[in-house]
Amino acid sequence: TKMVMVLGHTACGAIKGATATHLQSKAGNKPKVAKALDALLQGLSVVASKAADELGPKATEEQIVNHTIKLNVFHSIEFLLQYSPLIREKVASGEVEIQGGV
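What comes next is a walk through the structure. (Residues numbered from 1 in each chain as written. Predicted model: local features only at pLDDT ≥ 70, side-chain atom pairs only at ≥ 80, totals over all residues. Heavy atoms only, no water.)

**What to know about the nonpolar core**
Then step 1. In terms of nonpolar packing, the biggest core is built from seven residues, these being Cys-12, Ile-15, Ala-18, Leu-41, Leu-44, Val-65 and Ile-69.
Then step 2. Mapped by element, the contributors of at least two residues to this core are α1 (13-26), α2 (36-55) and α3 (61-83).
Then step 3. Among the nonpolar cores identified, the runner-up in size contains six residues, and Ala-52, Ala-59, Ile-64 and Leu-71 belong to it. (Core = buried A, V, L, I, M, F, W, Y, C linked by side-chain atoms within 4.5 Å. Buried < 20%, exposed > 50% of the residue type's maximum accessible area, 1.4 Å probe, protein only. Helix = DSSP H or I, 4+ residues; strand = E, 2+ residues; numbered from the N terminus.)

Put into structure tokens, the structure is as follows:
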């Protein structure tokens, strides 16, 4: 069986930025999307929002970042399955397996 590995990594600057973007938005300071990086961080902030919700209101920013790193692996796997008919077909037939890790 062939395998697709989706890997996240600790100390991810993009996830850290996305978490900060989410927390700023939650505090009422909606960041402007002025460049591509801002758009990327805003897109990833959806995952940070889910992580924050799962951890609850007492979670620290560092805890949210660490949980977001893990959730983003699953988010990326779901994205691949949703938007790649070829990968979706190969997974369904058992020709390809998708695994995630950090």
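From this point, the discussion proceeds with the structure in view.
**Focus on the environment of Lys-2**
Then step 1. Mapped onto the secondary structure, Lys-2 falls in strand β1 (residues 2-7).
Then step 2. Overall, Lys-2 belongs to the exposed group, its relative accessible area being 63%.
Then step 3. Between the C-alpha atom of Lys-2 and that of Ser-45, which follows or precedes it by 43 residues, the distance is 32 Å.
Then step 4. Setting aside residues no more than four positions away along its own chain, Lys-2 makes contact with Glu-95, Val-96 and Glu-97. (Contact = heavy atoms within 4.5 Å.)

**Description of α2**
Then step 1. With 20 residues, α2 ought to run about 28 Å at 1.5 Å a step, and its terminal C-alpha atoms sit 29 Å apart, in line with that.
Then step 2. If you look at α2, its biggest bend is around 30°, right at Val-46.
Then step 3. Of all the positions in α2, only Asp-38, Leu-41, Leu-44, Ser-45, Val-47, Ala-48, Ala-51 and Ala-52 are classed as buried.
Then step 4. Gly-56 occupies a position one or two residues after α2 and carries a positive phi of about 95°. (Expected span 1.5 Å × (residues − 1). Bend = angle between axes of the 7 residues up to and from the residue.)

**Considering the side chain of Thr-68**
Then step 1. With respect to the secondary-structure elements, Thr-68 resides in helix α3.
Then step 2. Beyond its immediate chain neighbours, meaning those up to four positions away, Thr-68 contacts Ile-15, Thr-19, Val-47, Ala-48 and Ala-51.

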